[in-house]
Amino acid sequence: MSNQTAISFNASDSSVVVFEFECSSLIFGIEAMDSQTQNASLQRLQTVEKRIVRVLELAGGVMEEFSNPSGPRKELVNNHCSEFMQLIKDIQVTLREEIKSACEYRPFEKCDYIARISNEICCQKVEYVLEKLDAMRETIDEYHQAN
């Protein structure tokens, strides 16, 4: 299941910018992390959330400028667009790092599950061999009693 958020910004009639954030794998990975790592990761994602809000504010400011009857102020639009693009780059970098971090997490790294299962299998094998040895002993005893 994929949760996507799309943000679109129509800077003018000729350009549309669309951003999509894939969240499901990121959230799953964060849920599996240890507490300290999880807190740091959640703080970084909270910063991303604040940056997204700022991006929307900038997009809204540019839209207001374009709808201004006296025309947009070029310097304000340029400043907003520059800040907008820098925030988008920062958001992308942070999200990539968080997704990479979530994907690198190995929940069984410190787990003894494999060793315990291997030991259990070995115990079952030993029990099986003992049963066969007991059966062989009974057969030998029966053979000696018959002779």
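In this text, all values refer to a predicted model and were calculated from it rather than measured experimentally.

Attention now moves to the overall build of the protein. Check the secondary structure of the protein and you find four helices and two strands. Mapped from its N terminus to its C terminus, the protein presents α and β elements in the order β-β-α-α-α-α. By residue count, 20% of the 147 residues in the protein fall in the buried class. For the protein, the exposed surface amounts to about 11,400 Å²; the carbon and sulfur share of it is 54%.

Turning next to a nonpolar patch on the surface. Taken together, V126, Y128, V129, L130, L133 and M136 make up a surface patch of nonpolar side chains, about 590 Å² in accessible area. Here L133 is to be found in helix α4 (residues 113-146). Overall, the relative accessible area of 44% leaves L133 in the partly exposed class.

The grouping of E120, E127, E131, D134, E138, D141 and E142 at the surface amounts to a negative patch. By relative accessible area, E138 is classed as partly exposed at 49%.

Another point: helix α2 (residues 35-67). Across its 33 residues, α2 extends 48 Å between first and last C-alpha, which sits within 8% of the 48 Å expected from 1.5 Å per residue. Turning to α2, its buried residues are S41, L45, V48, I52, V55, L58, A59, G61, V62 and E65.

All chains considered together, the criterion is met by four salt bridges. For the salt bridge of R54 with E83, the shortest nitrogen-to-oxygen distance reads 3.0 Å. With R54 in helix α2 and E83 in helix α3 (residues 74-104), this residue pair connects regions lying 29 residues apart in the sequence. Within the structure, one salt-bridge network assembled from shared partners comprises R54, E57 and E83.

Turning to the nonpolar core, a few remarks are in order. With 11 residues, the main nonpolar core is built from L45, V48, I52, V55, L58, A59, F84, L87, I88, I91 and L95. Elements with a contribution of two residues or more to this core: α2 and α3. With six residues, α2 is the largest single contributor of residues to this core.

Our focus in this paragraph is the confidence of the model for the protein. Mean pLDDT over the protein stands at 77; residues scoring 70 or higher make up 72%. Contacts for the low-pLDDT stretch residues 1-32, under 50 throughout, to residues beyond four places or in other chains number 53 contacts.

Attention now goes to the state of the cysteines. Throughout the structure, instances matching the rule amount to zero disulfides. Unpaired in this structure, C122 has its nearest cysteine sulfur neighbour in C123, at a distance of 7.1 Å.

As a further point, take the side chain of H80. Within the element layout of this structure, H80 appears in helix α3. Excluding residues that lie within four positions of it along the chain, H80 makes contacts with L58, G61 and V62.

About the thresholds
Residues numbered from 1 in each chain as written. Predicted model: local features only at pLDDT ≥ 70, side-chain atom pairs only at ≥ 80, totals over all residues. Heavy atoms only, no water. Helix = DSSP H or I, 4+ residues; strand = E, 2+ residues; numbered from the N terminus. Buried < 20%, exposed > 50% of the residue type's maximum accessible area, 1.4 Å probe, protein only. Areas by Shrake-Rupley, 256 points an atom, 1.4 Å probe, with all protein chains shown as cover. Patch = residues over 30% accessible without salt bridge, like charges linked within 9 Å, V, L, I, M, F, W, Y side chains within 5 Å. Salt bridge = Lys/Arg side-chain N within 4 Å of Asp/Glu carboxyl O. Lys, Arg positive; Asp, Glu negative; His and termini not counted. Charge placed at Lys NZ, Arg CZ, Asp CG, Glu CD. Expected span 1.5 Å × (residues − 1). Core = buried A, V, L, I, M, F, W, Y, C linked by side-chain atoms within 4.5 Å. pLDDT = per-residue confidence, 0-100. Contact = heavy atoms within 4.5 Å. Disulfide = S-S within 2.5 Å.

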